[in-house]
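Close look at the chain arrangement
Given next are the chains, with one letter for each unit.
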Amino acid sequence: MDEQPEPVQEPAPQTGGGLDRRAELSEFLRTRRARLKPEDVGLPDFGRRRVPGLRREELAQLAGVSVAYYTRLEQGNGRNVSAEVLDAIARALQLTGAEHAHLMHLAKPKQHKKKQTARAQHVRPALRQLLDSIDTVPAYVVGRRSDILVWNRMAAALFGDWAELPAAERNWARLVFLRPDYRELFVEWDQKAADIVGYLRMDAGCHPDDPRLSALVGELSVKSEEFRRLWAAHDVKEKSYGVKRLRHPLVGDLALSFETFRLVDDAEQSLITYHAEPGSPSAEALRLLASWGADATRSGTRASTPSE
């Protein structure tokens, strides 16, 4: 690439505000408490309960805080709560590492620079060049709100040429929940959908005042019943690694391992790669996609920066 790439442009937000951090904290704690049974934490069960899960007093006892203190926290009042108390509540709720981090973000939000979440997302030229040079491994960079920022030719061959979409639609949540072809592409679509919502929840915990994220959640909540259900569960997840099974319209079924590499100079961007086990049918399918080149799809990386 000889020219200096422009930043990835983002559409103007559709709403003026973000998510209600106090409501997010309240609902997150309530749903985590509701999933625990007394026997899960070594407490006796004295029969039928009006609501599922532990009672507030039981959770407060496990965490070593007063019932009134925990009740205020579950009502969304996290002001002045200490990290030690949050750690104790996280242990009592048996939170995962991602859930623990999410709780800390909601209860003790960091102060972000004004308009930080509204800035355009830049991808370093050297990273773009790296993607261009990878010929056999589908790879792309994802940013805030699961926006797809840049990708290579193999990613376009595997997932479809995102250059053909408006910039606002290059977003994993919109693709997974609003595009029927992506429902067919992912064999375990339900898991993919849950993962995407978990990522958005983590993002919301870090940036509850992001109006574009709020607009995205509002749009998907209106258009997708599955998204509404998953969003209401308040499950969170961090991008990591695993295996995805795909059913590609040209090469059939693939089982691909994916890896996530968070960028050291921008924690809001991650490089995602997919690869197949050597000698496997999936590896042969990727080889076919690579050999077809432009006949299979247009080049994604070079077209991934909007010209307008």
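Described in the following lines is the structure provided in the data block. Computed from a prediction, not measured in an experiment: that's the story for all the values here.

Turning our eyes to something else, we now look at the packing of helix α11 (residues 211-223) against helix α12 (residues 225-232). Contact pair α11 / α12: the axes reach a minimum separation of 5 Å and the direction vectors enclose 125°. Relative to α12, the element α11 lies oblique. Here α11 runs over α12; the crossing is left-handed. In this structure, α11 uses Val217, Leu220, Ser221, Val222 and Lys223 to contact α12, whose residues at the interface are Glu225, Phe227, Arg228 and Trp231. Partitioning the contact of α11 with α12 into residue classes produces five nonpolar, one polar and three charged.

This paragraph deals with the environment of Phe261. As for its placement among the helices and strands, Phe261 is situated in strand β4 (residues 252-263). According to the relative accessible area criterion, Phe261 is partly exposed, its value standing at 42%. For the pair formed by Phe261 and Val141, sequence separation is 120 residues and the distance between their alpha carbons is 9.4 Å. With near-sequence residues (within four places) excluded, Phe261 lies in contact with Gln269, Ser270, Leu271 and Thr273.

Reading across the sheet, the five strands line up as β2-β1-β5-β4-β3 and stay open at both edges, with antiparallel pairing between neighbours. Single-partner strands in this sheet number two, and they are β2 (148-151) and β3 (241-248). Ignoring which end each strand starts from, the neighbouring axes of this sheet average 30° apart. Sheet topology note: the β4/strand β5 (residues 266-275) ladder contains seven bridges and is antiparallel.

Okay, the packing of helix α10 (residues 189-206) against α12 next. Direction vectors running N to C along α10 and α12 enclose 55°, while the axes themselves pass 10 Å from each other. Considered as vectors, α10 and α12 are oriented oblique to each other. Where α10 crosses over α12, the handedness of that crossing is right-handed. Packed against α10, whose contacting residues are Trp189, Ala193, Ala194, Val197, Leu200, Arg201 and Ala204, the element α12 presents Glu226, Phe227, Leu230 and Trp231 at the interface. A per-class count over the contact of α10 with α12 returns nine nonpolar, no polar and two charged.

Parameters and conventions
- Residues numbered from 1 in each chain as written.
- Predicted model: local features only at pLDDT ≥ 70, side-chain atom pairs only at ≥ 80, totals over all residues.
- Heavy atoms only, no water.
- Axes fitted to C-alpha atoms, helices over the stretch in contact; angles between N-to-C directions.
- Helix = DSSP H or I, 4+ residues; strand = E, 2+ residues; numbered from the N terminus.
- Parallel < 35°, antiparallel > 145°, perpendicular 65-115°, else oblique.
- Left-handed = near helix turned anticlockwise from the far one by under 90°.
- Contact = heavy atoms within 4.5 Å.
- Nonpolar A, V, L, I, M, F, W, Y, C, P; charged D, E, K, R; others polar.
- Buried < 20%, exposed > 50% of the residue type's maximum accessible area, 1.4 Å probe, protein only.
- Pairing = 2+ DSSP bridges.

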